Amino acid sequence: MDKVLMKGNEALCAAAIRGGCQFFFGYPITPQNEIPEYMSRELGRAGGTFLQAESEVAAINMVYGAAGAGARVMTSSSSPGIALKQEGISYICGAELPCVIVNISRGGPGLGGIQPSQADYFQATRGGGNGDYYLLVFAPANIQEAADLMIEAFDLADLYRMPVMILGDGMLGQMMEPVVFKERKPRDLPQKDWATTGTAGKRKPNIINSLRLDPAELENLNIRLQEKYAQLKANEVRYETHQTEDAELVFVAYGTSSRIVKNAVAVMRANGLKAGLIRPITLWPFPEQAFEELPDSLRALMSVELSHGQMIDDVKIAARGRWPVGFYGRSGGMIFTQQEIVEAGEKLLREVSHVSGV
Amino acid sequence: MKRVTIVTGHFGSGKSEFAINLALRLVSAEAPVALLDLDVVNPYFRSREQRELLERNAVRVIGNTFGKDVGVDVPAISAEAYGPLQDPSTYAIIDAGGDPVGARVLGSFRHVLPRENCEVLCVVNASRPETQSIQQMRRLISGIEGESGLRITGLVNNTHMLEHTTTRELRRGFELCREISEALELPILYHGVLQSLVEELPGDWPGELVPIAMYLREAWMHGS
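Rules and cut-offs
- Residues numbered from 1 in each chain as written.
- Chains lettered and ligands numbered in written order.
- Predicted model: local features only at pLDDT ≥ 70, side-chain atom pairs only at ≥ 80, totals over all residues.
- Heavy atoms only, no water.
- Helix = DSSP H or I, 4+ residues; strand = E, 2+ residues; numbered from the N terminus.
- Rg over C-alpha atoms; globule rule 2.2 N^0.38 Å.
- Buried < 20%, exposed > 50% of the residue type's maximum accessible area, 1.4 Å probe, protein only.
- Contact = heavy atoms within 4.5 Å.
- Areas by Shrake-Rupley, 256 points an atom, 1.4 Å probe, with all protein chains shown as cover.
- Pairing = 2+ DSSP bridges.
- Right-handed = clockwise from strand over helix to strand, strands pointing away.
- Expected span 1.5 Å × (residues − 1).
- Buried area = accessible area lost by both parts, 1.4 Å probe.
- Salt bridge = Lys/Arg side-chain N within 4 Å of Asp/Glu carboxyl O.
- Polar contact = N/O pair within 3.5 Å; in protein donor to acceptor, adjacent residues only side chain to side chain.
- Axes fitted to C-alpha atoms, helices over the stretch in contact; angles between N-to-C directions.
- Core = buried A, V, L, I, M, F, W, Y, C linked by side-chain atoms within 4.5 Å.
- Domains from an automatic or database assignment.

**Remarks on the overall build of chain B**
Helix and strand content of chain B: 6 helices and 8 strands. In chain B, the order of α-helices and β-strands from amino to carboxyl end is β-α-β-α-β-α-β-α-β-α-β-α-β-β. A compact globule built from 224 residues should have a C-alpha radius of gyration of about 17 Å, and chain B, at 16 Å, falls within 12% of that. The 224 residues of chain B split such that 58% are buried. Put simply, 73% of the contacts in chain B that link residues at least 6 apart link residues at least 24 apart. Total accessible area on chain B stands at roughly 9,400 Å², and carbon and sulfur atoms take up 49% of it.

**Here we look at the pairing of strand S3 (residues 49-52) of chain A**
Residues and elements named next belong to chain A. Where strand S2 (residues 23-26) lies against S3, 4 bridges are found, and the strand directions are parallel. Each residue of the ladder has a partner; that of Phe-23, found in S3, is Thr-49. Regarding topology, helix H2 (residues 34-42) serves as the crossover connection from S2 to the parallel S3, and that connection is right-handed.

**Here we look at the pairing of strand S5 (residues 99-105) of chain A**
Every regular strand shows the same layout, with side chains that alternate between the two sheet faces. Residue and element names in this part refer to chain A. Most of S5 is tucked away, with 7 of its 7 residues classed as buried. Examined bridge by bridge, strand S4 (residues 73-77) and S5 share 4 bridges and lie parallel to one another. Among the inter-strand pairings, Met-74 is bridged to a residue of S5, identified as Val-100. Relative to strand S7 (residues 163-169), S5 runs parallel, the two being bridged by 7 bridges. Across the sheet, Ile-104 pairs through a bridge with Gly-168, a residue of S7.

**Let's talk about helix H10 (residues 255-270) of chain A**
All names here are of chain A. Taking 1.5 Å of rise per residue, 16 residues should cover 22 Å, and H10 covers 24 Å from first to last C-alpha, within 8% of that figure. For H10, a buried count of 12 out of 16 residues is recorded, marking the element as mostly surrounded by other parts of the structure. By the burial criterion, the buried members of H10 are Gly-255, Thr-256, Ser-257, Ser-258, Arg-259, Ile-260, Val-261, Lys-262, Asn-263, Ala-264, Val-265 and Met-268.

**Comments concerning helix H7 (residues 143-160) of chain A**
Residues and elements named next belong to chain A. For H7, built from 18 residues, the straight-helix expectation of 26 Å at 1.5 Å per residue is met to within 8% by its first-to-last C-alpha distance of 25 Å. Burial of H7 is extensive: 16 of the 18 residues sit out of reach of the surface. Following H7 by one or two positions, Arg-161 has its phi on the positive side, about 50 degrees.

**Describing the interface of chain B and chain A**
With 28 residues of chain B at the contact, the number on the chain A side is 29 residues. Carbon and sulfur atoms make up 61% of the area that chain B and chain A hide from each other, which totals about 2,500 Å². Considering only the side of chain B, the residues that lose the most area to chain A are B:Tyr44, B:Trp220 and B:Ser224, jointly responsible for 31% of the buried surface there. In this assembly, chain B and chain A are joined by 2 salt bridges. The closest approach of N and O atoms between A:Arg41 and B:Glu130, which form a salt bridge, is 3.3 Å. Remark: the boundary between chain B and chain A carries 7 residue pairs in polar contact (both at pLDDT 80 or more).

**Re the side chain of A:Gln86**
Residue and element names in this part refer to chain A. With respect to the helices, strands and loops of the structure, Gln-86 is situated in helix H5 (residues 86-94). Gln-86 sits in the buried class, given a relative accessible area of 7%. Residues contacting Gln-86, with those up to four places away along its chain left out, are Gln-123, Gly-128, Gly-129 and Tyr-133.

**A short note on the sheet that holds S3(A)**
Residues and elements named next belong to chain A. Ordered by their spatial adjacency, 7 strands build an open sheet running S3-S2-S4-S5-S7-S6-S12, and the pairing between neighbours is mixed. The two strands at the open ends of the sheet, each matched to only one other strand, are S3 and strand S12 (282-284). On average, each strand axis in the sheet is inclined to that of its neighbour by 20 degrees, with strand direction left out of account.

**Here's the deal with the nonpolar core**
Residues and elements named next belong to chain A. Judged by nonpolar contacts, the single largest core of 141 residues is most densely connected at Met-74, Met-150, Phe-251 and Phe-291. The dominant element in this core, judged by the number of residues it contributes, is H7, at 11 residues. Looking at this core, you find at least three residues from each of domain 1 (4-235) and domain 2 (240-356). Once residues lying within four places of it in the same chain are set aside, the contact partners of Phe-291 are Val-252, Ile-278, Phe-286, Leu-301, Val-315, Ala-318, Arg-322 and Trp-323.

**Overview of the pattern of salt bridges**
Residues and elements named next belong to chain A. Applying the stated criterion across every chain yields a total of 39 salt bridges over all chains. Between Asp-148 and Lys-182 there is a salt bridge, and its shortest N-O distance comes to 3.3 Å. With Asp-148 in helix H7 and Lys-182 in the loop between strand S8 (176-179) and helix H9 (215-235), the pair connects residues that are 34 residues apart, well separated along the chain. What makes Asp-148 partly exposed here is its relative accessible area of 32%. Within the structure, one salt-bridge network assembled from shared partners comprises Arg-72, Glu-152, Asp-155, Asp-158, Arg-184, Arg-187, Lys-192 and Arg-238.

Honestly, it's all geometry; don't read function into it.
Dropping the structure here:
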């Protein structure tokens, strides 16, 4: 297929259909409405089923059902709608079911607003529901990457039998960019011999369940989940580093923010200040490795987010006290300019120099 | 130029950028200019986000009634919108919402539009997957006409890939517009062309070139 111009929300859908999505269950909310709109039009044509549920809670439980029956299934929503889905997400993790969840996030807390925000980092990476579970969380920074990761998301969900979340802020959903859908080799994936597809009288019924009243059995599930998470940390971490090799200041930013920060890095370098960027592509697992490759020239890190500081906790964990960690953020749908970031970065470096007596 | 120009088309075709550029171009003329943003579909990238720039350049901007246009997704439009449509001394440009659903709003203004002095444009972007063929465009145009109760009177070749646009896209868009033009007997009235590409286009295309500056695109969006 030729290069086409698409909105982020549309590209995610086109990629999902290419990734083999068979079912979509969702409920409308701005700024992700183009997703259910596109799926309602196109998924049926591709042989799948679109269903608008009566609520977000219903939608995520339909996802549970379809995933349990072995189908490739997704849902999407925006921040408060994803909050409503948390119980279902925890159940899906407890039942070890694969699915894809898209959050095109907006400002919060509560109903918040409809403009872009990155204040759902905790919700996505810390488990909004109960129990010891994680999601694999992808944070694309442009529409091509969003499309590529969406196709990957379905494969990885099946491979690990767990939900994969695509977290993009409203800007990524609404903005337009050229996209190319590349042909790719399908992965070798395990058979879904656990799915409830009918016994044909030849085997014992498969049971999809997240209730385990025997504590030893429940602990075993948790141990198995932890082993899975260890594999994810070993094999699925993704990140980009940009001009970190000789940097004095390294920003950490993802999604839309990372693009504004990249421009700020260019401005700072033009001013003679050596700045760089670590861009996590997986928010969970967080790319701690990226911090092990930082140069001796580094004097400070700065987390830059469209929130009042959530990812900064992971940056501090990864920094392990080796460097001071600063922060700059805006919220509520306000987006910082590159100039604001340049000034915040310069200020942090001045403060660091002062403390160390340089 | 007609006194009222209505800009319709598929969402993402570039209606709002085209409307903003058209409005700014008109300012030097003798009559006052108003831009009516009737987009109640798109939550982001609306022409009224550029209110400050437009008003600084003497274009009156009318959007919804709440003053907090950018964050409000209530489908409401200020009654102020009737003013420029009924004032025979004002040029009015209407930026309609995308697709037939966005064009539906136009129906409520139909009775005040100056019949003989009103252009209804359909913006064509052949780089968008939903508007690449004559069949898709026929469906879109008949949908817009059905929902708005207005006849499309002209085409705008606004085929682009944002800042990645080359003359290749514009030529492809022109071919598509020519097909639509022949099939539906509609003139090609404008070409929306990035300022940097204006010199590279052949001089013999029917219609007027409108050089496009991308006002709704932030600097950071150019990188990846």
